[in-house]
Amino acid sequence: QVQLVESGGGLVQAGGSLRLSCAASGSIRRINDMVWYRQAPGQQRELVAGITSDGSTNSADSVVGRFTISLDNSKNTVYLQMNSLKPEDTGVYYCHAVITPAGGWPRRYWGQGTQVTVSS
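It should be emphasised that the depicted structure is a prediction, and the values quoted were computed from it without experimental measurement.

Enquirer: I'd like a description of the overall build of the chain, backed by residues and values.
Expert: Scanning the chain from N- to C-terminus turns up zero helices and eleven strands. In the chain, the succession of α and β elements from N to C terminus is β-β-β-β-β-β-β-β-β-β-β. Against the globule reference of 14 Å for 120 residues, the chain gives a C-alpha radius of gyration of 14 Å, in line with a compact fold. Across the 120 residues that make up the chain, the buried fraction comes to 41%. Of the roughly 6,400 Å² that the chain leaves accessible, carbon and sulfur atoms contribute 46%.

Next up, the structure:
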């Protein structure tokens, strides 16, 4: 019943900005944490940034100072604000969440992915 829906990807020039969102819906008791991953063609999926329910965050060294992750608990939505984008940021961005559904144990969920392309 719980699902994640991502949006906000697109094509942007180097130095530009994008804001990704990932909205969780369904019978949710608590969102334990939400994490953004990305995957470039032919490469493994890597962690970009994550946030826990208490607001603690961590980010990959390659995006520190440029990307900001935030969580709006009232909307069950996580955001990834991406500034000063570089061509190497290009890839499919996936939202991953650990969510405790109503009356259940924590579960892992994946969004469908959203394409981010940064031109030089």
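Let us keep going from here.
Enquirer: Help me get a handle on the side chain of threonine 100, residues and values and all.
Expert: Along the chain, threonine 100 turns up in strand S9 (residues 91-101). Residue threonine 100 is classed as buried on the basis of its relative accessible area of 3%. A distance of 3.0 Å separates the side chain of threonine 100 from the side chain of asparagine 32, its partner in a polar contact. Ignoring any residue separated from it by four or fewer positions in sequence, one finds threonine 100 in contact with Ile28, Arg29, Arg30, Asn32, Trp105 and Pro106.

The rules behind each value
- Residues numbered from 1 in each chain as written.
- Predicted model: local features only at pLDDT ≥ 70, side-chain atom pairs only at ≥ 80, totals over all residues.
- Heavy atoms only, no water.
- Helix = DSSP H or I, 4+ residues; strand = E, 2+ residues; numbered from the N terminus.
- Rg over C-alpha atoms; globule rule 2.2 N^0.38 Å.
- Buried < 20%, exposed > 50% of the residue type's maximum accessible area, 1.4 Å probe, protein only.
- Areas by Shrake-Rupley, 256 points an atom, 1.4 Å probe, with all protein chains shown as cover.
- Polar contact = N/O pair within 3.5 Å; in protein donor to acceptor, adjacent residues only side chain to side chain.
- Contact = heavy atoms within 4.5 Å.

What is shown is where atoms sit, not what they do.
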